[in-house]
Amino acid sequence: RAWLGTRGRAVAAALVATLFLTGLVATPGGRAAAAGFLSQFRSQRLQAVPLDADQTNQVGDVLAGLVDSGVFTGDPHQLAGFGEPDGVANLAEASRLVGFAVPPVDPSALPRGVERTPRRILVSQAHEARVTFDRDKALAYLRSHGRPDARLPERFDGTQLVVQVPAVVIQQFAGRDGGPAVLVGKAGMLGVDTEGGASLEELREVMLGLPGLPAETVAQLRSIGDWRTTLPIPVPADQVRSAPATVNGAEGLSFADQTGRLHALLWQRDGHIWGVAGVLSSDQVRDVADSLG
């Protein structure tokens, strides 16, 4: 998600957004002192967090400010892995590259007018990215934004946010006009760790207390029942409707645009995130999702 002007700044902002939106989730047993990790997150559930246009802009402004002021920094060469996915010849090659099996879509589940085999298969391989927290610049940022009494322990300085970006495979099916009509995706699990003096829970509190964040958004994040295992998904409420859904017994989310022409399903099962989207009815999206087993 290119929130800022250049790829490096966009990636850094995206990682900070991950930190904010996940609520800095930590799983039990995530502390591994020998490795220097203080806590760990692996997404197990999905929850929509609706944002209207003003809230989206407010969150974007805060994230941009954190990156521009140097509160979070990252190595552009290390972060360069956030690029366009690569095309591959077939699902066997895709599965080999990402390290998990990618099932074909049952042609009978695809609606009329959609090609029976994917026009393109796109792969983005798993990689790690890090951003570093600067305590002094964070204090300067807070104090310049209406928090003159802000305090942060010295041990926070230099803490790294380590994001394990999962591998993703997208099967793209063309419609009658040759353009993409159906997208079917499978990905690994998002992982977020900290390495250094501050835990994820401590940085979570710093992030949720940032001046300028919409109060309603912060309240939504704080109200998540099990923040240790739940990955919030930001949803532009003025453009997309979302609702809880179940796919083959797995909990997920359904989405539809305001016109009712575009529908999508997103769910987690067996340690992977799955998705189906396209210019389809909700029933057609459901048929494709159900066919994946």
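Residues numbered from 1 in each chain as written. Predicted model: local features only at pLDDT ≥ 70, side-chain atom pairs only at ≥ 80, totals over all residues. Heavy atoms only, no water.

**Quick notes on the overall build of the chain**
Moving on, step 1. A count of helical and extended segments in the chain gives eight helices and 15 strands.
Moving on, step 2. The buried share of the chain, reckoned over its 293 residues, is 49%.
Moving on, step 3. Counting only carbon and sulfur atoms, one obtains 51% of the accessible surface of the chain, whose full area is about 13700 Å². (Helix = DSSP H or I, 4+ residues; strand = E, 2+ residues; numbered from the N terminus. Buried < 20%, exposed > 50% of the residue type's maximum accessible area, 1.4 Å probe, protein only. Areas by Shrake-Rupley, 256 points an atom, 1.4 Å probe, with all protein chains shown as cover.)

**Let's talk about the sheet that holds strand β12 (residues 240-247)**
Moving on, step 1. What the eight strands build is an open sheet, ordered β4-β5-β8-β9-β15-β14-β13-β12; its pairing is antiparallel. This sheet does not close on itself; its edge strands, each paired only once, are β4 (86-88) and β12. Between one strand axis and the next, the sheet turns by 20° as a mean value, whatever way the strands run.
Moving on, step 2. Across seven bridges, the pairing between strand β8 (residues 168-174) and strand β9 (residues 180-187) is antiparallel. When the bridges of β9 are listed, Val168 appears paired with Ala187.
Moving on, step 3. Those strands touched by helix α8 (residues 282-291) are β9, β12, β14 (263-269) and β15 (272-278), and its axis lies near 30° from that of β14. (Pairing = 2+ DSSP bridges. Axes fitted to C-alpha atoms, helices over the stretch in contact; angles between N-to-C directions. Contact = heavy atoms within 4.5 Å.)

**Examining the pairing of strand β5 (residues 120-124)**
Two faces, one strand: in a regular strand the side chains alternate between the faces of the sheet.
Moving on, step 1. As defined by bridge partners, β4 adjoins β5 across three bridges and the pair is classed as antiparallel. Residue pairing for β5: Asp86 is matched across the bridge by Val123.
Moving on, step 2. Pairing geometry for β5 and β8, over five bridges, is antiparallel. Paired with Arg120 across the two strands is Gln172, which belongs to β8.

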